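Structural description and commentary
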Amino acid sequence: MKHGKNYRASEAKFNLTEKYDVTTACKMVQDMKFAKFDETVEAHVSLKLGKNDTVRDTLVFPNQFKAEKKVLVFCKEERVQEALDAGAAYAGAAEYIDKVKGGWLDFDIAVATPDMMKDVGRLGMVLGRRGLMPNPKTGTVTNDIAQAIGELKKGRTEYRADKGGVIHIAVGKCSMDSTKVAENVNVLLAEIMRKKPADAKAGYVQSVSVSSTMGPGVWVDYKEGE
């Protein structure tokens, strides 16, 4: 892949064949920033997964960097006020199912109570393609509406491995203190290790790197168990 002049100039500032501790790597990513907007810092974690292993979970970063999200709650009428009081932007049943069927998507996250999933499941073609389908694994199918909304508003973030076994996830902004970005990366790595499959062998985390939206990546010197 051929990169532009700004990218090459940024890349030339450091030795990017080496590995660095998390804090240094995050600082380097910020120092190599060249776009005029506030670039996102992303982590890329390559995992050694078994043939049938999948990784999909959520975590709450200690240092937030995203705008507050609009939450839609699919629930029966008697729980609508509870959802709204907890901070949902929208809550209801048939009305919102029909709106979504019609292409309405003015929300960032969808939550559903279990008794609504039979109806919500019919929205798979709309919600599934956009990664918005409520799922028990991510805590978005639950009877505890208030807790789910509270965590989502604190910034609970979903992460998942792609077909190649790599997790790509935003961990901060270039405008943030690099130590705060590094803390988010460390929380991510700790959570990935905590949730690793029971039969995973040594070398589960194969590699870790961080980069900005437009800039080059920096390898992180990560060893399991440290």
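It should be noted that the structure appears before, not after, this text.
Definitions and limits used
Residues numbered from 1 in each chain as written. Predicted model: local features only at pLDDT ≥ 70, side-chain atom pairs only at ≥ 80, totals over all residues. Heavy atoms only, no water. Core = buried A, V, L, I, M, F, W, Y, C linked by side-chain atoms within 4.5 Å. Buried < 20%, exposed > 50% of the residue type's maximum accessible area, 1.4 Å probe, protein only. Helix = DSSP H or I, 4+ residues; strand = E, 2+ residues; numbered from the N terminus. Contact = heavy atoms within 4.5 Å. Salt bridge = Lys/Arg side-chain N within 4 Å of Asp/Glu carboxyl O. Pairing = 2+ DSSP bridges. Axes fitted to C-alpha atoms, helices over the stretch in contact; angles between N-to-C directions. Right-handed = clockwise from strand over helix to strand, strands pointing away. Lys, Arg positive; Asp, Glu negative; His and termini not counted. Polar contact = N/O pair within 3.5 Å; in protein donor to acceptor, adjacent residues only side chain to side chain. Expected span 1.5 Å × (residues − 1).

In terms of nonpolar packing, the biggest core is built from 37 residues, with Val45, Ile167, Ile169, Val171, Leu188, Ile192 and Val218 touching the most fellow members. Mapped by element, the contributors of at least two residues to this core are α2 (22-31), β2 (40-47), β8 (166-173), α8 (178-194), β9 (205-212) and β10 (218-220). For this core, the leading source of residues is α8, giving seven residues. Discounting residues that sit within four places of it in the chain, Val171 has contacts with Val41, Glu42, Ala43, Phe61, Phe65, Val181, Asn184, Val185 and Leu188.

Evaluated as defined, the whole model comprises twelve salt bridges. Two residues, Lys195 and Asp57, come together in a salt bridge whose shortest N-O distance is 3.2 Å. In this pair, Lys195 sits in the loop between α8 and β9 while Asp57 sits in strand β3 (residues 56-60), placing the two residues 138 residues apart along the sequence. Judged by its relative accessible area of 17%, Asp57 falls in the buried class.

In this section: the sheet that holds strand β4 (residues 71-74). Where strands meet in a sheet, backbone hydrogen bonds hold them as pairs that are either parallel or antiparallel. Taken together, the three strands give an open sheet; going across it, the order is β5-β4-β6, and neighbouring strands pair in parallel fashion. The sheet is open, and its two borders are formed by β5 (90-92) and β6 (109-112), each paired with just one other strand. Within this sheet the neighbouring strands show an average axis-to-axis angle of 15°, counted without direction. Summarising the sheet, β4 and β6 pair through four bridges and their orientation is parallel. Residue Val71 lies in a different strand from β6, and its bridge partner there is Ile109. Against the sheet, helix α7 (residues 145-154) contacts β4 and β6, and its axis sits at roughly 160° relative to β4.

This paragraph deals with the pairing of β4. Of the two faces of β4, the one carrying Val71 and Val73 and the one carrying Leu72 and Phe74 are both buried. The handedness of the β4 to β5 crossover, carried by helix α3 (residues 80-85), is right-handed.

Further remarks concern the sheet that holds β2. Taken in spatial order, the five strands line up as β1-β10-β9-β2-β8 in an open sheet, and their pairing is mixed. Only two strands of the sheet have a single neighbouring strand rather than two, namely β1 (19-20) and β8. Taken strand by strand, α2 contacts β1, β2, β8, β9 and β10, and its axis lies near 170° from that of β10. Across the face of the sheet, α8 comes into contact with β2, β8 and β9 while running at roughly 150° to β8.

As a further point, take the side chain of Glu39. In this structure, Glu39 sits in the loop between α2 and β2. Here Glu39 sits buried without a salt bridge, and the closest side chain of opposite charge, Lys33, lies 4.6 Å off (N-O distance). At 3.4 Å, the side chain of Glu39 forms a polar contact with the backbone nitrogen of Thr213. Polar contacts involving the side chain of Glu39 include one to the main-chain amide nitrogen of Met214, which spans 2.8 Å.

Glancing now at the environment of Arg156. Mapped onto the fold, Arg156 is located in strand β7 (residues 156-160). The spatial distance from the C-alpha of Arg156 to the C-alpha of Asn6 is 34 Å, given a sequence separation of 150 residues. The residues contacting Arg156, other than those within four sequence positions of it, are Thr58, Leu59, Val60, Thr138, Gly139, Thr140, Ala148 and Glu151. Separated by 3.1 Å, the side chain of Arg156 and the backbone oxygen of Thr138 make a polar contact. Separated by 3.2 Å, the side chain of Arg156 and the backbone oxygen of Gly139 make a polar contact.

For α8, with 17 residues, the first-to-last C-alpha span of 24 Å sits near the 24 Å given by 1.5 Å per residue. Among the residues of α8, Ser178, Val181, Ala182, Asn184, Val185, Leu188, Leu189, Glu191, Ile192 and Met193 are the ones counted as buried. Contact partners of the buried residues in α8: α2, β2, β3, β7, β8 and β9.

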